[in-house]
Amino acid sequence: MSREELIRRYIGTILEKRRDITREELMHMIEEKKRNAKVSEAYREVWAVFSIANELGIKLEEVSLEKEVKIGNIVSGLTNISTRGRVVAILEPKEIDSNGEKIPITRVILGDSSGWCYLYLWREKAGLLREMGIRVGDVIRVSRAYSKEGRLGTVEIHLGNVGSVSKTEESWDMPAREAFFKRVGEINYADNVVNVKAVIAGVSELKRFQDSRGGEGAVRRLVLAEEDVRVPLTLWQDHSEKISEKDVFNTVLVAGARVRRGLSGKLELELDTLGCLEVLGKTEDLVYSSLSEIGSSRPINIKLYTLKIFNGNIVSVGGRERRVMDIIVSDGDSYAVLTAWNNLADRLKQIGEGKKIAFLNLIPKSWGRQVLLSTASFTTIVGVEEGILGLRAPEKVYRVGELEPGLRKIHLEGVVSVKPE
């Protein structure tokens, strides 16, 4: 049933119950109500129809919608909805507090050929999927549900006391589960909330913090990759503990991720309690670059030898103190300076000089013929080996007091004491 068919059915119900109103008068009332609506454009017409019906003393929620509605045609404010879709993901069960009562809830991402939405099962209905043996990938039918507007413009359908759900047969028009997951390069800001399939190309360390209510929070950053496209993903709370560095190169399905603009101005994703993450398994190793191939500021994967580690310092960045350490590195042919920050600086100091380290997601920058590298919050070390015997930094490292006229191509260690010009 299309949205237009739903509106026609509701208008017909109003005219049937209020024969003193002509169709022209009713349509004029609806248009006036739409002009004053403060809801989004997608829901304005159905909101106006429901508002007028309520003013006229008509309960549209009693109108039967037993004919199946395509998920893409469901808007906020509908009742008695019947629909059918594939279970794309089942989120972790939870309980919410309501006036001292703990209410169980199960949330599902449900999709068909027209789109996808969230399905909420409340109270005694929360255990229906488990009781009926319904799993991810199954096709189900939902009856006598109602709809609401969810976060960021998504549609939610809710199963209350009178609603039901049942497992149903496969059909030719029902897309496969993976059809509901986009590739990394297909994501854009208009998605708001998205499902994505990608390879984990980097994992940051787990960070714990105190939240605003005095509880303990946890966060971890990943990099999702597809060929040369990379998108950061922030995992909050329980999600952050399900992934570690050993999951690098695994393919994952991420369902219900929020699309946002990061501090850098670039597209990022985040996953909270309205999403889930599933690890599928290992894929082929990502490609490693060489220093001579660096031509942009995109994150790179590279294997480097640590030749000289300088003493670390504490610097203030954005009002926060950060540990920083410089290292002269080589890929065996060329040389660069790597700046390591915070925990990675500590780890590299422990690893020491003369090691061959496999890095994921270093940030490169070319400065003339010199290459500068920097770690980021999502930079990951995935391997440490013994280095090449005899490989050393190309020049002696001088201190300021050791400088003499005529020295060329030198490496100098010192403290920046005035603002560079």
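Before reading further, recall that the structure is shown in the block above.
Residues numbered from 1 in each chain as written. Predicted model: local features only at pLDDT ≥ 70, side-chain atom pairs only at ≥ 80, totals over all residues. Heavy atoms only, no water.

1. Observations concerning the nonpolar core
Phase 1 of the analysis: Within the largest apolar cluster, 39 residues are counted, with the highest numbers of intra-cluster contacts made by Leu26, Leu78, Leu110, Leu119, Ile140 and Val142.
Phase 2 of the analysis: Once you skip the residues sitting within four places of it in the chain, Val142 turns out to touch Ile81, Ser82, Thr83, Leu110, Leu119, Leu159, Ser164 and Val165. (Core = buried A, V, L, I, M, F, W, Y, C linked by side-chain atoms within 4.5 Å. Buried < 20%, exposed > 50% of the residue type's maximum accessible area, 1.4 Å probe, protein only. Contact = heavy atoms within 4.5 Å.)

2. A word on the packing of aromatic side chains
Phase 1 of the analysis: Counted under the stated rule, the structure contains four aromatic pairs.
Phase 2 of the analysis: Centroid distance Tyr120 to Trp122: 6.3 Å. Interplanar angle 20°. Geometry classified as stacked.
Phase 3 of the analysis: Judged by its relative accessible area of 8%, Tyr120 is buried.
Phase 4 of the analysis: According to the relative accessible area criterion, Trp122 is partly exposed, its value standing at 23%.
Phase 5 of the analysis: Its guanidinium or amino end placed over the ring of Tyr288, Lys303 lies 4.8 Å from that ring's centre, counting from NZ or CZ.
Phase 6 of the analysis: When the ring centre of Trp341 is taken as reference, the NZ or CZ atom of Arg322 above it lies at 4.4 Å. (Phe/Tyr/Trp six-rings, centres within 6.5 Å; stacked < 30°, edge-to-face > 60°. Lys NZ or Arg CZ within 6 Å of the ring centre and 35° of its normal.)

3. What to know about the pattern of salt bridges
Phase 1 of the analysis: For the structure shown, the criterion picks out 27 salt bridges.
Phase 2 of the analysis: A salt bridge links Asp20 to Arg18; its shortest N-O distance comes to 2.9 Å.
Phase 3 of the analysis: Of the residues examined, Arg18 reaches a relative accessible area of 25% and is grouped as partly exposed.
Phase 4 of the analysis: When salt bridges with common partners are traced through the structure, they connect Glu68, Lys70, Arg84, Arg141 and Asp173 into a single cluster. (Salt bridge = Lys/Arg side-chain N within 4 Å of Asp/Glu carboxyl O.)

4. Points about helix α5 (residues 342-351)
Phase 1 of the analysis: Considered for burial, the residues of α5 that qualify are Leu344, Ala345, Leu348 and Ile351. Here the buried residues of α5 occupy an arc of 125° about the axis, which is enough to place them on one side. Opposite the buried face of α5, by more than 90 degrees, sit the exposed residues Lys349 and Gln350.
Phase 2 of the analysis: Phi turns positive, to about 90°, at Gly352, one or two residues after α5. (Helix = DSSP H or I, 4+ residues; strand = E, 2+ residues; numbered from the N terminus. Arc of directions from axis to C-beta.)

5. Considerations on the pairing of strand β5 (residues 139-149)
Phase 1 of the analysis: Bridging between strand β1 (residues 81-90) and β5 involves five bridges; their strand directions are antiparallel. Each bridged residue has a counterpart across the sheet, and for Arg84 the counterpart in β5 is Arg141.
Phase 2 of the analysis: Strand direction decides the pairing type here: β5 and strand β7 (residues 164-167), joined by four bridges, are antiparallel. Among the inter-strand pairings, Ser143 is bridged to a residue of β7, identified as Ser164.
Phase 3 of the analysis: Across four bridges, β5 lies against strand β6 (residues 155-159) in antiparallel orientation. Looking at the pairing, Glu149 lines up with Val155 of β6. (Pairing = 2+ DSSP bridges.)

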